[in-house]
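Here is what each chain is made of, one letter per residue.
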Amino acid sequence: MATRRKKEREEVPVVRRGDGPRRRLAPDLEALARGDADFVRSRPPRPRLQDPRPVALVPGVANRDARLVFEARVEAMQALREDDAALGPLLAECLWLGLWRGRSVTGFDALVEEMLELPADHARGLAEVACRAANLPPEPLTEELVAVWMRAEAALLELGEGRVFVHPVDGDTLGLRLSVGSASTALEAIGRKMAPLASDRRGDRPRDR
């Protein structure tokens with residue numbers, strides 16, 4: 001029995017690494033493997049917003065609020081069609097918000113051509129200049145940030161007070177510009193708009209529309 005087991009072990013083929021060139025790691029991974037680079041932990045990906053509505057123009061945003069923000073911003077951009085310096089930042093925010101979704105427009109180019117009567121390449125160029133100045137990408141930001149931004153902006157539009165803006169460079173922080181006299185009322189209105197998102201985070205109940 002011992003002889004049989006020894007024979008079986010001897011018959012097991014041994015696979016050896018060939019003498020050909022080995023696949024090289026990417027330079028940054030090679031440096032990490034040698035211990036020459038520090039390990040940098042990236043931010044964990046955020047979960048996508050859970051929006052059960054069959055027709056949601058913008059995830060996490062009531063359709064009425066998405067339309068309100070769309071209409072107000074298009075009107076503001078139309079008023080600045082002849083002022084490239086002032087229009088550029090609004091066009092950048094249009095990209096960050098994915099504003100065209102508020103009226104089911106097919107995309108940025110269609111929005112500026114149909115609503116602003118501007119050449120798409122010119123408008124995109126202005127937007128990209130403003131995006132570079134803010135060190136933010138010329139594309140929609142995270143679903144969660146856009147939902148909070150649009151809900152807050154809809155609340156302020158209904159009051160006719162204040163402004164919401166994204167912090168340049170960070171891209172994950174929003175700011176509010178409010179007058180002292182209207183701040184308490186504005187923040188109360190924003191709180192009402194945010195209540196469904198807060199309930200989602202806690203897992204309390206289905207989001208109200």
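Residues numbered from 1 in each chain as written. Predicted model: local features only at pLDDT ≥ 70, side-chain atom pairs only at ≥ 80, totals over all residues. Heavy atoms only, no water.

Visitor: Explain the nonpolar core here, please?
Guide: Residues Met77, Leu91, Trp96, Phe108, Leu111 and Met150 are the most contacted members of the largest nonpolar core, which totals 50 residues. Looking at this core, the elements that each hand over two or more residues are helix H3 (63-79), helix H4 (84-97), helix H5 (108-115), helix H6 (120-134), helix H7 (143-159), strand S1 (163-166) and helix H8 (180-202). Sorting elements by how many residues they give to this core places H7 first, with 9 residues. (Core = buried A, V, L, I, M, F, W, Y, C linked by side-chain atoms within 4.5 Å. Buried < 20%, exposed > 50% of the residue type's maximum accessible area, 1.4 Å probe, protein only. Helix = DSSP H or I, 4+ residues; strand = E, 2+ residues; numbered from the N terminus.)

Visitor: Please explain the packing of H7 against H8 as it appears in this structure.
Guide: Two numbers describe a pair of packed helices, the interaxial angle and the distance between the axes. Look at H7 against H8: their axes get within 8 Å of each other, and the N-to-C directions meet at 150 degrees. Between H7 and H8, the interaxial angle falls into the category roughly antiparallel. Pair H7 / H8 crosses with right-handed handedness. Contact with H7, carried on its side by Glu144, Ala147, Val148, Arg151, Ala152, Ala154, Ala155, Leu156, Glu158 and Leu159, involves Thr185, Ala186, Ala189, Ile190, Lys193, Met194, Pro196, Leu197 and Arg201 of H8 and no other residues of that element. (Axes fitted to C-alpha atoms, helices over the stretch in contact; angles between N-to-C directions. Parallel < 35°, antiparallel > 145°, perpendicular 65-115°, else oblique. Left-handed = near helix turned anticlockwise from the far one by under 90°. Contact = heavy atoms within 4.5 Å.)

Visitor: Which parts of the structure should I look at to understand unusual backbone geometry?
Guide: Leaving glycine out, the prevailing phi sign among residues is negative, and the prevailing peptide bond configuration is trans. Phi is positive for Glu117, close to 55 degrees, though the residue is something other than glycine. Here Glu117 shows up in the loop between H5 and H6. Phi at Asn135 is positive, roughly 60 degrees, even though this residue is not glycine. Here Asn135 shows up in the loop between H6 and H7. In this structure Asn135 comes out as exposed when scored by relative accessible area, which is 54%.

Visitor: For this particular structure, what's the right way to read the environment of Gly88?
Guide: Its place among the elements puts Gly88 in helix H4. We classify Gly88 as buried; its relative accessible area is 3%. In this structure, the C-alpha to C-alpha distance between Gly88 and Met77, residues 11 residues apart in sequence, is 9.3 Å. Among residues more than four places away in sequence, those in contact with Gly88 are Leu126, Ala127 and Ala130.

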